[in-house]
Amino acid sequence: MALLPMRVFKNLVMWPINAFLFYSIARALEAAGVFRTLREVIGIREHTVAQGRRVE
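Residues numbered from 1 in each chain as written. Predicted model: local features only at pLDDT ≥ 70, side-chain atom pairs only at ≥ 80, totals over all residues. Heavy atoms only, no water.

### Let's talk about the overall build of the protein chain
Of regular secondary structure, the protein chain possesses three helices and zero strands. Shown N-terminal to C-terminal, the secondary structure of the protein chain runs as helices and strands in the order α-α-α. (Helix = DSSP H or I, 4+ residues; strand = E, 2+ residues; numbered from the N terminus.)

### Let's talk about the packing of helix 1 (residues 4-32) against helix 2 (residues 34-42)
Relative orientation of the contacting elements helix 1 and helix 2 amounts to 65°, with a least axis distance of 5 Å. With respect to each other, helix 1 and helix 2 are oriented roughly perpendicular. Between helix 1, through Ala 26, Leu 29, Glu 30 and Ala 32, and helix 2, the contact on the second element is made entirely by Val 34, Phe 35, Arg 36 and Arg 39. Residues belonging to the contact of helix 1 with helix 2 are distributed by class as follows: five nonpolar, no polar and three charged. (Axes fitted to C-alpha atoms, helices over the stretch in contact; angles between N-to-C directions. Parallel < 35°, antiparallel > 145°, perpendicular 65-115°, else oblique. Contact = heavy atoms within 4.5 Å. Nonpolar A, V, L, I, M, F, W, Y, C, P; charged D, E, K, R; others polar.)

### Details of a nonpolar patch on the surface
The grouping of Met 6, Phe 9, Val 13, Met 14, Ile 17, Phe 20, Leu 21, Ile 25, Leu 29, Val 34 and Leu 38 at the surface amounts to a nonpolar patch, some 1,000 Å² of accessible area in total. When contributions to the nonpolar patch are tallied by element, the ones reaching two or more residues are helix 1 and helix 2. Here Val 34 is to be found in helix 2. (Patch = residues over 30% accessible without salt bridge, like charges linked within 9 Å, V, L, I, M, F, W, Y side chains within 5 Å. Areas by Shrake-Rupley, 256 points an atom, 1.4 Å probe, with all protein chains shown as cover. Salt bridge = Lys/Arg side-chain N within 4 Å of Asp/Glu carboxyl O.)

### A word on helix 1
Here helix 1 contains 29 residues, and its C-alpha end-to-end distance of 41 Å stays within 8% of the 42 Å for a straight helix at 1.5 Å per residue. At Met 14, helix 1 shows its largest kink, close to 30°, and the proline Pro 16 lies no more than four residues downstream. Where helix 1 ends, the next residue or the one after it, Gly 33, has phi of about 85°, a positive value. (Expected span 1.5 Å × (residues − 1). Bend = angle between axes of the 7 residues up to and from the residue.)

### A short note on the environment of Phe 35
Looking at the element boundaries, Phe 35 is found in helix 2. Classification of Phe 35 by relative accessible area gives partly exposed; the value is 30%. Apart from the residues lying within four places of it in its own chain, the contact partners of Phe 35 are Ala 26, Leu 29 and Glu 30. (Buried < 20%, exposed > 50% of the residue type's maximum accessible area, 1.4 Å probe, protein only.)

This is the structure:
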């Protein structure tokens, strides 16, 4: 029970760091065309995703 406040503090400190890392990696993958390739492989079209419709 004594470690709980330190764990909460660590999580609060790491939250923006993890968000920044995720955002940076996602932007790099988008710039490299990885998401575009995945969409082609699994057959999802951009207009369908943009409209919010479910693709079967």
